[in-house]
Amino acid sequence: MGKTSIAARLFWLSAIGLVLALGATGLLMSELYSRGLERTLSESLDFQLTTLVLRVLEAGDTTPQSVAAPDPRFSRPNSGFYWQITSGDGTVLNLSQSAVGVVLPRLDRAFDATNTRSGNALDAGGIWLRIHERRIILPDIGTIDIAVTANWEELASEVAAFRQQSLTVLAVVGLLLASLSAALARVGLAPINRLRRAIENIRGGAAPEIEGEFPRELAPLAEEVNELLRSNAQIVERARNQVGNLAHGLKTPLAVLRNEARGQKSEIEKTVLAQTETMSGLVTAYLDRAQLSARSAIVGQKTDVGPVLTRLGNVMATLHRERNIALDVPDAGILWFRGDAGDLEEMAGNLIDNACKWARADVTVSARLAPGGEKLTIEIEDDGPGLDGAAADKATRRGVRLDEKAPGSGLGLGIVKELVAIYGGSLDLGRAGPGGLRATLTLPAARIMPR
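Residues numbered from 1 in each chain as written. Predicted model: local features only at pLDDT ≥ 70, side-chain atom pairs only at ≥ 80, totals over all residues. Heavy atoms only, no water.

> Go over the sheet that holds strand 1 (residues 83–87), please, and point to the residues and values.
Spatially, five strands are ordered 2-1-5-4-3 in an open sheet, and the strand pairing comes out antiparallel. Both edges of this open sheet fall to strand 2 (92–95) and strand 3 (116–122), since each of them pairs with a single strand only. Strand-to-strand twist in this sheet, taken as the mean axis angle between neighbours without regard to direction, amounts to 20 degrees. Pairing analysis gives three bridges linking strand 1 to strand 2, with the strands arranged antiparallel. Paired with I85 across the strands is N94, a residue of strand 2. Packed onto the sheet, helix 1 (residues 6–59) meets strand 1, strand 4 (128–138) and strand 5 (142–151) and runs at close to 30 degrees relative to strand 4. Helix-sheet contacts for helix 2 (residues 152–188) involve strand 3, strand 4 and strand 5, and the interaxial angle to strand 5 is about 30 degrees. (Pairing = 2+ DSSP bridges. Helix = DSSP H or I, 4+ residues; strand = E, 2+ residues; numbered from the N terminus. Axes fitted to C-alpha atoms, helices over the stretch in contact; angles between N-to-C directions. Contact = heavy atoms within 4.5 Å.)

> Give a detailed account of unusual backbone geometry, specifying residues and quantitative values.
At N115, a position not held by glycine, the phi torsion is positive, near 60 degrees. Mapping N115 onto the fold places it in the loop between strand 2 and strand 3. Judged by its relative accessible area of 37%, N115 is partly exposed. (Buried < 20%, exposed > 50% of the residue type's maximum accessible area, 1.4 Å probe, protein only.)

> Go over the packing of helix 1 against helix 2, please, and point to the residues and values.
Interhelical geometry of helix 1 versus helix 2 gives an angle of 160 degrees and a closest axis separation of 8 Å. When the axis of helix 1 is compared with that of helix 2, the two are roughly antiparallel. For the crossing formed where helix 1 meets helix 2, the hand is right-handed. In the contact of helix 1 with helix 2, the residues fall into 20 nonpolar, eight polar and three charged. (Parallel < 35°, antiparallel > 145°, perpendicular 65-115°, else oblique. Left-handed = near helix turned anticlockwise from the far one by under 90°. Nonpolar A, V, L, I, M, F, W, Y, C, P; charged D, E, K, R; others polar.)

> With reference to specific residues and values, describe the environment of A156.
With respect to the element layout, A156 can be found in helix 2. Classification of A156 by relative accessible area gives partly exposed; the value is 39%. Counting along the chain gives 119 residues from A156 to L37, while the straight-line C-alpha distance between them is 9.3 Å.

> So, the pairing of strand 5: which residues are in play, and what are the values?
Buried residues dominate strand 5, accounting for nine of its ten residues. The sheet contact formed by strand 4 and strand 5 spans ten bridges and is antiparallel. Considered in strand 5, the bridge of R130 is made with A150. Joining the antiparallel neighbours strand 4 and strand 5 is a turn of three residues.

> Can you lay out the side chain of E381 for me, pointing to particular residues and giving the numbers?
You can see E381 is positioned in strand 10 (residues 375–382). A relative accessible area of 17% means that E381 is categorised as buried. In this structure the side chain of E381 is engaged in a polar contact, spanning 2.7 Å, whose partner is the side chain of R438. (Polar contact = N/O pair within 3.5 Å; in protein donor to acceptor, adjacent residues only side chain to side chain.)

> I'd love a proper account of the packing of aromatic side chains, names of residues and values included.
Under the criterion given, the structure shown has four aromatic pairs. Here the aromatic rings of F11 and W12 are separated by 5.3 Å at their centres, their planes lie at 70 degrees, and the arrangement is edge-to-face. For F11, a relative accessible area of 25% puts it in the partly exposed group. Here W12 falls in the exposed class, since its relative accessible area comes to 54%. Each ring, one from F74 and one from F81, has its centre 6.4 Å from the other, and the planes form 90 degrees; the classification is edge-to-face. The ring of F214 has R194 lying over it, and the distance from NZ or CZ to the ring centre is 4.7 Å. (Phe/Tyr/Trp six-rings, centres within 6.5 Å; stacked < 30°, edge-to-face > 60°. Lys NZ or Arg CZ within 6 Å of the ring centre and 35° of its normal.)

> How would you explain the pattern of salt bridges if you had to name every residue and give the values?
Taken as a whole and assessed by the stated rule, the structure comprises 13 salt bridges. The residue E223 makes a salt bridge to R230 at a minimum N-O spacing of 3.0 Å. Assessed through its relative accessible area of 33%, R230 is described here as partly exposed. Across the pair E379 and R368 runs a salt bridge, and its minimum N-O distance is 3.5 Å. On the criterion of sequence distance, the pair formed by E379 in strand 10 and R368 in strand 9 (residues 362–369) is long-range, its members being eleven residues apart. Judged by its relative accessible area of 16%, E379 is buried. Given a relative accessible area of 44%, R368 falls into the partly exposed group. (Salt bridge = Lys/Arg side-chain N within 4 Å of Asp/Glu carboxyl O.)

> Can you lay out the sheet that holds strand 9 for me, pointing to particular residues and giving the numbers?
What the five strands build is an open sheet, ordered 7-9-10-12-11; its pairing is mixed. Pairing within the sheet leaves two strands with one partner each, and these edge strands are strand 7 (324–328) and strand 11 (426–431). Neighbour-to-neighbour, the strand axes of the sheet open up by a mean angle of 15 degrees, direction not taken into account. Across six bridges, strand 11 lies against strand 12 (residues 437–444) in antiparallel orientation. Counterpart to D428 in the pairing with strand 12 is T440. Lying on the sheet, helix 6 (residues 305–319) is in contact with strand 7, strand 9 and strand 10; it crosses strand 7 at an angle near 175 degrees. Across the sheet, helix 7 (residues 341–358) touches strand 7, strand 9, strand 10, strand 11 and strand 12, and the angle it forms with strand 12 is around 175 degrees.

These values are about where atoms sit, not about what they do.
Okay, structure coming up:
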């Protein structure tokens, strides 16, 4: 069923079950009704046939022309309700008023042990008749066949009308039951939807944990999620402390070694100085990476993008007074980044600082929500010399500097790229409109969920 909701699954399963059950019920009721009508009709014909036989026997050896059936339906012409008395050679001795001018069909089956037979046959007018027939023998007249018929198509039309009416009623009942099932599913699954919205609020940064009361079935799940969030926060806090302790524990001995080796002329001092510099760089790189991972592991953080970019623009305008920094950023509370404010400042600050260093005069910073609302994009453009494809890829490597004369350590873009990867975003470097560099930063957006 893919991503179909539980409520939709319950509705469709119950709807299919109702259609099958009510359809089978309608057909079963129609069949029972048809059998009941057939049985009633057969009993009525047997009664009429027995009445005629008794009246013929009461007449004795006289002619059966005086015999008549009491049912008024046998008086209505072409009604399908006929009776007829014939001799063994097929001569009609008597018949009902309704059978005048009608040639009754004969059954081709043999009489049974009680000298009776029954079945359906088509008359000359194309109407199906139900025929019950009995054979008796009179001493002076001989063999006599007495037949009684009924309009079988009337019974079939009554069954069809009943089937249509019953299916219509069952369809209305099915719609009512389906509506009730949909309402029950919606009401019954409302706590699950509340739990989903609460988790989305946590993921979007609108709430630190799941709040509110839930039914007994969901309360343990909500509590486990909250406990997991608390445990995650504790783990991250311990990781931060351990990273800080490790940084302090390693950097101090390395600084002592560098100071002792600096200024010495022997080869061993030079080797020690070079290796400690390498070790210091590696320690810094991996500790930075550990700190970044620890910060981004905290669930539920969100940062207002507009004030952060405005503050960075003002700082860069002070540091690079000869540059014109144009800001096209949303107001506070409109665009939110799903992550730590320090990480956003680290990424956007490095990119804006690089743009200011290489720009001739103008730097443009803009931010907007990407289509779909799941991502936000921050674009920093400058009118500097720009980079080609190979140089742009090389520039994002940690420690690589394209121009050794420019100030900096070469770690900025590398840190930005690692932070972007941690948050599941992307960093694209391309040509800007003025001919310089355009850095496009794509990051997860935090959705402000309604409470």
